[in-house]
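# Observations on the model geometry
One letter stands for each residue in the lines below.
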Amino acid sequence: YEMWRDRRVASKGIENIAEEGVTKDLVSEINSEIKEETVLDQVMGAWIRKATEGATSSPKEDLCVDKSHPFVSGIGMLAPSPDWFS
């Protein structure tokens, strides 16, 4: 599973994260990948309002990896600019 790739059309879930910070479609996409066993786990962090003051996002959940699923991907909206994400 590739969450996003340079020079490719982004999924609706990635587009919604980048443009509005809305996670619903991406969560649905990832849940479908979990059912297909191409993704092992997902963890969603909290909104960070004042990151410049050292705030952190900590969902207090473990993220699982194993030999068949050794990679971790992450995404976040960079506000206030539309279409920016990391």
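The text that follows walks through the structure, step by step, so that each part is easy to find.

Time to look at the overall build of the chain. A tally of helices and strands in the chain yields 2 helices and 0 strands. Residues counted as buried form 12% of the 86 residues belonging to the chain. Here the contacts in the chain between residues at least 6 apart in sequence split such that 37% fall between residues at least 24 apart.

Now for the side chain of Asn16. Position of Asn16 relative to the elements: it lies in helix 1 (residues 12–20). Among residues more than four places away in sequence, those in contact with Asn16 are Gly21, Val22 and Asp25.

Bringing helix 2 (residues 24–35) into the picture now. Over its 12 residues, helix 2 runs 17 Å from end to end, which matches the ideal 16 Å to within 8%, given 1.5 Å per residue. Glu37, located one to two residues past helix 2, shows a positive phi value of around 65 degrees.

Generally, phi is negative for residues other than glycine and the peptide bonds are trans, each holding for most cases. One non-glycine residue, Arg7, lies in positive phi territory at about 70 degrees. Secondary-structure assignment places Arg7 in the segment before helix 1. We note that Glu37 has phi near 65 degrees; this positive angle belongs to a residue other than glycine. Among the secondary structure elements, Glu37 is positioned in the segment after helix 2. Since its relative accessible area comes to 63%, Glu37 is described here as exposed.

So, how was this worked out
- Residues numbered from 1 in each chain as written.
- Predicted model: local features only at pLDDT ≥ 70, side-chain atom pairs only at ≥ 80, totals over all residues.
- Heavy atoms only, no water.
- Helix = DSSP H or I, 4+ residues; strand = E, 2+ residues; numbered from the N terminus.
- Buried < 20%, exposed > 50% of the residue type's maximum accessible area, 1.4 Å probe, protein only.
- Contact = heavy atoms within 4.5 Å.
- Expected span 1.5 Å × (residues − 1).

Geometric values such as these leave the question of function open.
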